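Overview (structure and organization)
Letter by letter, the chains look like this.
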Amino acid sequence: MRDVAVIGIGIQRWGELWERSLRDLWVEAALNAINDAGVDHVDSMYVGCMTPGLFVGQEHLGSLLADYLGITPVPATRVESACASGGMAMRAGFIEVASGLSDIVLVSGVEKMTDVDGGGATYALATAADGDYEVYNGVTFPGLYAMMARDYMRRFGLTREELAAVPVKSHANGVHNPHAQFQGAIKLETVINSVMVADPLTLMDCSPITDGAAAAILCPLDLAAKFSKGRPVVKVAGMGAATDSIALHSRGDFSTLNSTVIAAKRAYDMAKVGPEDIDFAEVHDCFSIAEIIVSEDLGFFEKGKGGKAAAAGETAIGGKKPINTSGGLKSKGHPVGATGIGQIHELVTQLRGEAGKRQVEGAKRGLAQNMGGSGGSSVVHILEVK
Amino acid sequence: MSVPGYWREQPQRYRYEANRCKSCGKVFFPPRRVCEPGCDPANLEPCKLSQTGKVLTYTIIHIGPTQFADEAPYAMAICEMDGGGRITAQLVDCPFDKIEVGMPVRIEFRKIQQDGHAGILMYGYKVVPG
Ligand SMILES: [Zn+2]
């Protein structure tokens, strides 16, 4: 297997982008990544997208997007793993370059979510849960994560204030991210007193509905120096993916995401590092409770201590383990299929030392964790400066 | 909701048909063709999901999906049934402040949703304090 590097990244400011179409958003991000890398062609491409059929009535994205990027007849494949579609597209591209099949591969993600109303978006997102045995009976995604939060709070004594510290921290980071949907700080009371969605989670515990795309260019590490333009070369040091039961009720433990535990172990083993060697991380905070549980499942904190760590500022920029320096899904936005590649964008930005006011000092190794549904799938990548 | 899609789930929604692995004792609802790699698939036998169980975790949904929007706020719980098998179901006929993890519940046959004003009525299981 060949070592793989990320040589280009592209994105735009995410948000409610009424005047932009799916193809328009995606092509912009892809062109940004191609220009950033300085490549004159790509050999293959992957696009992560959860459900363009339900959101915009369009499937067959591989061909549509290759066509609009002007790169036909390169092979192009859509990858779907609910909200982990972007991370899984990254994985597919990594495998293709590592295997030696292709040299320059475009990996990307996109979701155009605001063409449908709130009910339509809830319906589309709910297809990531068990349709006949969860959704049929009335559960929503906030409801599933609320049941995890209830279990966690009861067992580990997490307080409402500690839980609210997560979105407060993420928004504080998002203020310094020009690509973030929301670039405003919020107060603890705002989180606690905002509209109840699924008890104990309020609106400000939940990531928003977002339009957006992100892209990255991968190549063999041996070729990466050619494209570095004096910037640090970023290597994909580790990758791991795993699945779990799609229905939350089938899990042994509602306060642990086993797919994340296993995906992380695989990524750490490949990179030959442990959680203590990670300088910063982008994690899948679709809901505030998810960031706490994931920060433990990645091995950053002991089980039951993640909330206390967040409340103590350990996950803030300048803290012991900065998490979601981009603002996370909560503040940067969560265009579901694009989210996993958006995380890779932030990792590369930090590792190049180009993160401006949200820069983690001396960042040499970062981790991205992207998750589908209530944790039915997870994918972890570890990137490091070579 | 497609009519065949609704119709073929009736054994579970109306009669709680499940199955059990004779090798390890696990109960599956809905029934499965395979248990774990170590268990012989020929050892799966039909059984019925117990009508009684307890709440493992719950939430009160304040903003519901379109077809449940009029019912909100409503409670949902993950329940472990006696003898094995788990469900995610609405917990009804109970004030929200009386809901507790560990409380006993039993399954009742109820109307779950309806497809607009003229579409099919859809039934299934909810749980009540038991
Ligand atoms: Zn078995």
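As shown above, the structure is provided for reference.
The text that follows walks through the structure, step by step, so that each part is easy to find. For clarity, every value in this text was computed on a predicted model and none was experimentally measured. (Residues numbered from 1 in each chain as written. Chains lettered and ligands numbered in written order. Predicted model: local features only at pLDDT ≥ 70, side-chain atom pairs only at ≥ 80, totals over all residues. Heavy atoms only, no water.)

Here we come to the overall build of chain A. On a plain count of helices and strands, chain A comes out with 14 helices and eleven strands. Burial statistics for chain A: of 386 residues in total, 67% are counted as buried. Considering only residue pairs separated by 6 or more positions, chain A has 78% of its internal contacts joining residues 24 or more positions apart. Put simply, chain A shows about 12,600 Å² of open surface, and 53% of that area lies on carbon and sulfur atoms. Here chain A contributes 34 positively and 44 negatively charged side chains, and the mean placements of these two sets differ by 5 Å. (Helix = DSSP H or I, 4+ residues; strand = E, 2+ residues; numbered from the N terminus. Buried < 20%, exposed > 50% of the residue type's maximum accessible area, 1.4 Å probe, protein only. Contact = heavy atoms within 4.5 Å. Areas by Shrake-Rupley, 256 points an atom, 1.4 Å probe, with all protein chains shown as cover. Lys, Arg positive; Asp, Glu negative; His and termini not counted. Charge placed at Lys NZ, Arg CZ, Asp CG, Glu CD.)

Helix and strand counts for chain B stand at two helices and eight strands. Ordered by position from N to C terminus, the α and β elements of chain B give α-α-β-β-β-β-β-β-β-β. Of all 130 residues assigned to chain B, the portion counted as buried reaches 45%. Within chain B, residue pairs in contact and separated by at least 24 positions form 47% of the contacts whose partners lie at least 6 positions apart. Surface exposure of chain B reaches about 6,700 Å², of which carbon and sulfur atoms provide 52%. The positive charge centre, built from 16 side chains, and the negative charge centre, built from 14, are 4 Å apart in chain B.

So, about a nonpolar patch on the surface. Among the surface-exposed residues, V195(A), L203(A) and I63(B) lie close enough to one another that they form a single nonpolar patch of about 270 Å² accessible area. Tracing the sequence through the fold places I63(B) in the loop between β4 (52-61) and β5 (74-81). (Patch = residues over 30% accessible without salt bridge, like charges linked within 9 Å, V, L, I, M, F, W, Y side chains within 5 Å. Salt bridge = Lys/Arg side-chain N within 4 Å of Asp/Glu carboxyl O.)

Here we come to the coordination of the zinc ion. Residue and element names in this part refer to chain B. Bound to the zinc ion on the protein side are C21 (SG), C24 (SG), C35 (SG) and C39 (SG), at distances that span 2.3 Å. The sequence pattern describing where the donors of the zinc ion fall on their chain is C-x2-C-x10-C-x3-C. Of this pair, C24 sits in the loop between β1 (17-21) and β2 (27-28) while C39 sits in the loop between β2 and β3 (44-48); the two residues are 15 residues apart in sequence, bridging distant segments of the chain. A relative accessible area of 39% places C24 in the partly exposed class. The exposure class of C39 is buried, given its relative accessible area of 12%. (Donors = N, O, S within 2.8 Å, 3.2 Å for Na, K, Ca; no water.)

Here we come to the packing of aromatic side chains. Evaluated as defined, the whole model comprises nine aromatic pairs over all chains. Measuring from ring centre to ring centre gives 5.2 Å for Y14(B) and F109(B), while their planes differ by 80°; the resulting arrangement is edge-to-face. Of this pair, Y14(B) sits in helix α2 (residues 10-15) while F109(B) sits in strand β7 (residues 104-114); the two residues are 95 residues apart in sequence, bridging distant segments of the chain. Using a relative accessible area of 42% as the deciding quantity, one classes F109(B) as partly exposed. Here a set of aromatic residues connected by ring pairs shows up, and it is made of Y133(A), Y16(B), F29(B) and Y125(B). A cation sits over an aromatic face here: K332(A) above W14(A), 5.0 Å from the ring centre. Here the guanidinium or amino end of R13(B) rests over the ring plane of Y136(A), the centre of that ring lying 3.4 Å away. (Phe/Tyr/Trp six-rings, centres within 6.5 Å; stacked < 30°, edge-to-face > 60°. Lys NZ or Arg CZ within 6 Å of the ring centre and 35° of its normal.)

Here three strands make up an open sheet; going across it, the order is β2-β1-β3 (chain B) and the pairing antiparallel. Both outer strands of the open sheet, β2 and β3 of chain B, are each paired with one neighbouring strand and no more. (Pairing = 2+ DSSP bridges.)

Our next topic: the nonpolar core. Residue and element names in this part refer to chain A. Ranked by internal contacts, the top residues of the largest apolar core, which has 72 residues, are Y145, Y268, I289, L298 and I382. For this core, the element with the highest residue contribution is helix α6 (residues 141-156), accounting for nine residues. If we ignore the near neighbours within four places in the chain, the residues touching Y145 are L201, C286, F287, I289, A290, M371, G373, S374 and G375. The next biggest cluster of nonpolar side chains, apart from the first, holds 36 residues, and it includes M90, M239, A241 and I341. (Core = buried A, V, L, I, M, F, W, Y, C linked by side-chain atoms within 4.5 Å.)

Taken across its ten residues, β4(B) has eight buried, putting it largely inside the fold. In this structure, strand β5 (residues 196-199) of chain A lies alongside β4(B), joined through two bridges in antiparallel fashion. The partner of D199(A) across the bridge, within β4(B), is I60(B). Relative to β7(B), β4(B) is paired through three bridges, and the arrangement is antiparallel. The residue of β7(B) that forms the bridge with T52(B) is R106(B). In the sheet, β4(B) pairs with β5(B) via eight bridges, with the strands oriented antiparallel. Bridge pairing in β5(B) places I61(B) opposite Y74(B).

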